[in-house]
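Okay, here's what each chain looks like letter by letter:
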Amino acid sequence: MVVDSLVFVLGGKQKSLYLVAFQKDAIIFKDTSLCDVNICRDMPVVFMGEIIVNSGCSLSLCRGTHLYMWGGSSISLLQGSSLIVDGSMNDTVVIEGARLDEGWRDIPGQWLGIFAYSPAKIFIKNARIREGIAGIYLEGTPQDTVKIINSVFNNFSAVAIYCKNSLIKVMNTVIGDCGGSSIYIENSVSHFVHCTIANFWEWSNRSKPAITIDISPPYAAYFNNSVITGSQQEEFTINGTGVYINYCYLKSKIAFNNNAVFNNSWEIKSNDNLFVS
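All of the points below concern the structure found in this document. (Residues numbered from 1 in each chain as written. Predicted model: local features only at pLDDT ≥ 70, side-chain atom pairs only at ≥ 80, totals over all residues. Heavy atoms only, no water.)

A few words now on the pairing of strand E25 (residues 211–215). The buried count for E25 comes to five of five residues, which makes it a mostly enclosed element. Neither face of E25 is left uncovered, since the one carrying Ile 211, Ile 213 and Ile 215 and the one carrying Thr 212 and Asp 214 both have all their residues buried. Pairing between strand E22 (residues 183–186) and E25: four bridges, direction parallel. Bridging from a neighbouring strand, Tyr 184 pairs with Thr 212 of E25. Two strands pair when backbone bridges link them, and E25 and strand E28 (residues 236–240) are joined in this way by five bridges, in the parallel orientation. When the sheet's bridge partners are listed, Thr 212 is paired in E28 with Thr 237. (Buried < 20%, exposed > 50% of the residue type's maximum accessible area, 1.4 Å probe, protein only. Helix = DSSP H or I, 4+ residues; strand = E, 2+ residues; numbered from the N terminus. Pairing = 2+ DSSP bridges.)

With respect to the secondary-structure elements, Glu 102 resides in the loop between strand E12 (93–97) and strand E13 (113–117). Owing to a relative accessible area of 56%, Glu 102 belongs among the exposed residues under this scheme. Distance in space between the C-alpha atoms of Glu 102 and Gly 87 is 26 Å, their sequence separation being 15 residues.

Here we come to the pairing of strand E19 (residues 159–164). Extensive coverage of E19 is indicated by the burial of five of its six residues. In this sheet, E19 lies alongside strand E16 (residues 134–139) in parallel orientation, the contact comprising five bridges. Considered in E19, the bridge of Ile 136 is made with Ile 161. As paired strands, E19 and E22 are joined by four bridges and run parallel to one another. In the strand pairing of E22, Ile 161 is matched with Ile 183.

As a further point, take the sheet that holds strand E4 (residues 33–34). Strands sit in the order E4-E7-E10-E13-E16-E19-E22-E25-E28 across an open sheet of nine strands; the sheet is parallel. The open sheet is flanked by E4 and E28, the only strands paired with a single partner.

Once that is clear, we can look at the pattern of salt bridges. Scanning all chains against the criterion turns up seven salt bridges. A salt bridge links Arg 130 to Glu 131; its shortest N-O distance comes to 2.8 Å. Glu 131 carries the same exposure label as Arg 130, and that label is buried. By sharing partners, the salt bridges in this structure join Glu 96, Asp 106, Arg 130 and Glu 131 into a single network. (Salt bridge = Lys/Arg side-chain N within 4 Å of Asp/Glu carboxyl O.)

Such coordinate-based values are descriptive only and should not be taken to indicate function.
What follows is the structure, given as structure tokens:
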């Protein structure tokens, strides 16, 4: 806490107005380019403006790192660069908005997102990423790879994961509330295993399903042992062929009547999202 005061003298009487603010000591990066930088948990870190990871370089966030994203800030991965977020079960990495006051807790759209330019690599393990416009936005080539393990993506005003012309593998991860689709896959090879995709967005009207897939050969999307649900009647939209759903519960009639290939999967039928096979 930081405490100061304004002192007034009126009519020979002294009055004080106390000013109290909450602060944390932090490392600040503002509108800068990084190359082979490792950020660990010595103290909180704040990114302001556009933080660029140069071509052929890496940015690593060690376990326990707490990264605060200032309003309008972003992380941009240039060609051949990589982002490594390496938390642990007991010491996760957190990436969220920089506003700490009560009225801004959980508010989406506080920062822009993580953007990757082809080719780039992203590895995320044991992390909580939240409160942005987009979580990961990757538009590239099959040489681009994203791997996400044991993580949580939540409270994005647009999309948690957007992937086009890339390879993405997501395991044991929760992908939650978004103003659009939680996941948007476009002509990519994608694997989702032991995941919960649950979009119960409540900040405004949502017209997009939890998952949108636009796909055509030779690309394919695989969902295994996962739950896809949300507050809408239809939470899984498929445009094209090459979607394989195995041992999943999902809230969708279109998917079951579409070109997806099913194996031991069930529709969530009830409005309260109880699993009814």
